[in-house]
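Survey of secondary and tertiary structure
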Amino acid sequence: MNQHQIPQAHRDAIAHIQALALPISTRVQGGYWVGVEFSGMLLQLNVSVSRRADLHRPDAWPKSYSVYVPPCTRAAPDSLEQLQMIARDLEALLPGVVAS
């Protein structure tokens, strides 16, 4: 692996998070919207989870996650575990999904 590439396990975890966001956000009976943004410049993944019921509540804040990934020097040693935790949290919002 090139020292300037994101490790494969991290790329797989990011792809899994992105794949979970769409079915969560588009479920007719679902109650959440998920926003996923990856900044290739910063090597940072940002995820926000909002409850649809809170849409018109000005005091409601989405649950937010932010993870730097290698080779970013700001990446935590447990960044892969952080990504996996985000995926587990998202999987919990989809009934019938088995945690990977």
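Computed from a predicted model, the values in this text were never measured in an experiment.

Across the interface, helix 1 (residues 8-26) lies against helix 2 (residues 79-91) with an axial gap of 9 Å and an inter-helix angle of 20 degrees. Taken as axis vectors, helix 1 and helix 2 run roughly parallel relative to one another. Read as a crossing pair, helix 1 and helix 2 show a hand that is left-handed. Along the contact surface, helix 1 presents A9, H10, A13, I14, H16, I17, L20 and I24, while helix 2 presents S79, L80, L83, I86, A87, L90 and E91.

Turning to the pattern of salt bridges, a few remarks are in order. Tallied over the entire structure, the rule returns 4 salt bridges. When the shortest N-O distance is used, the salt bridge between R51 and D54 registers 3.2 Å. Measuring nitrogen to oxygen at the nearest pair gives 3.3 Å for the salt bridge that ties R57 to D59. The class for R57 is partly exposed, based on a relative accessible area of 40%. Salt bridges sharing common partners tie together R51, D54, R57 and D59.

Thresholds applied
- Residues numbered from 1 in each chain as written.
- Predicted model: local features only at pLDDT ≥ 70, side-chain atom pairs only at ≥ 80, totals over all residues.
- Heavy atoms only, no water.
- Axes fitted to C-alpha atoms, helices over the stretch in contact; angles between N-to-C directions.
- Helix = DSSP H or I, 4+ residues; strand = E, 2+ residues; numbered from the N terminus.
- Parallel < 35°, antiparallel > 145°, perpendicular 65-115°, else oblique.
- Left-handed = near helix turned anticlockwise from the far one by under 90°.
- Contact = heavy atoms within 4.5 Å.
- Salt bridge = Lys/Arg side-chain N within 4 Å of Asp/Glu carboxyl O.
- Buried < 20%, exposed > 50% of the residue type's maximum accessible area, 1.4 Å probe, protein only.

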